[in-house]
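Architecture at a glance
These are the residues of each chain, in order.
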Amino acid sequence: MLQPGDRAPDFALPNADMEPVSLASLSGRHHAVIYFYPKDDTPGCTMEALEFTDLQAEFEAAGTEILGISRDSCASHGAFRDKYGLSIHLLSDSDGEVCEAYGVWREKEAHGEKRLGILRSTFVVDKSGVVRHALYDVKPKGHAAQVLDLVRAL
């Protein structure tokens, strides 16, 4: 698990339009909120994405880019974005390497079954690429506003 003070693992992943987005491209210019979510177009993930989208202007005013990552395909991200009018970056980690690097690919239990999946988690990374906050197993409701408060304190 990543801890505050750790260097954030770099990555380059395609967004909903299949354009690469990298953490390194933000370095020195923007803070980053990297949030990992289990699946496009599910209730909790939709709530979380809508809340981040609603607060996007405030994150931008704080010099921060929002990057949502799941293992869904670029096409799935595009449909999710378009259905709900999302304006944040949704990145596809189809092979799960970035999920592994951030320690969010975990065994979970639901309905008596154990399976691997993404543990909803958020990382606040400063302009120098250092993790300032590592939040594992977060609840979606109100989460974006809590993260905005953390970003404003950087």
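About the criteria used
Residues numbered from 1 in each chain as written. Predicted model: local features only at pLDDT ≥ 70, side-chain atom pairs only at ≥ 80, totals over all residues. Heavy atoms only, no water. UniProt positions renumbered as here; feature names shortened; annotations may be inferred. Helix = DSSP H or I, 4+ residues; strand = E, 2+ residues; numbered from the N terminus. Buried < 20%, exposed > 50% of the residue type's maximum accessible area, 1.4 Å probe, protein only. Contact = heavy atoms within 4.5 Å. Core = buried A, V, L, I, M, F, W, Y, C linked by side-chain atoms within 4.5 Å.

Attention now goes to the UniProt feature "active site" (unreviewed entry) in the protein chain. Mapped onto this structure's residue numbering, the UniProt feature "active site" (unreviewed entry) falls at Cys45. Here Cys45 is to be found in helix H1 (residues 43-54). By relative accessible area, which is 2% here, Cys45 ends up buried. Residues in contact with Cys45, not counting those within four places in the same chain, are Tyr37, Pro38, Lys39, Phe80 and Arg120.

Our focus in this paragraph is the nonpolar core. Judged by nonpolar contacts, the single largest core of 24 residues is most densely connected at Phe11, Ile34, Phe36, Tyr102 and Phe123. Contributions of two or more residues to this core are made by strand S3 (31-36), strand S4 (64-70), helix H4 (97-101), strand S8 (121-125) and strand S9 (131-136). Not counting residues within four places of it along the chain, the set of residues in contact with Phe36 comprises Ile69, Val98, Cys99, Tyr102, Val104, Ile118, Leu119, Arg120, Ser121 and Phe123. Among the nonpolar cores identified, the runner-up in size contains 18 residues, and Tyr37, Cys45, Ala49 and Leu90 belong to it.

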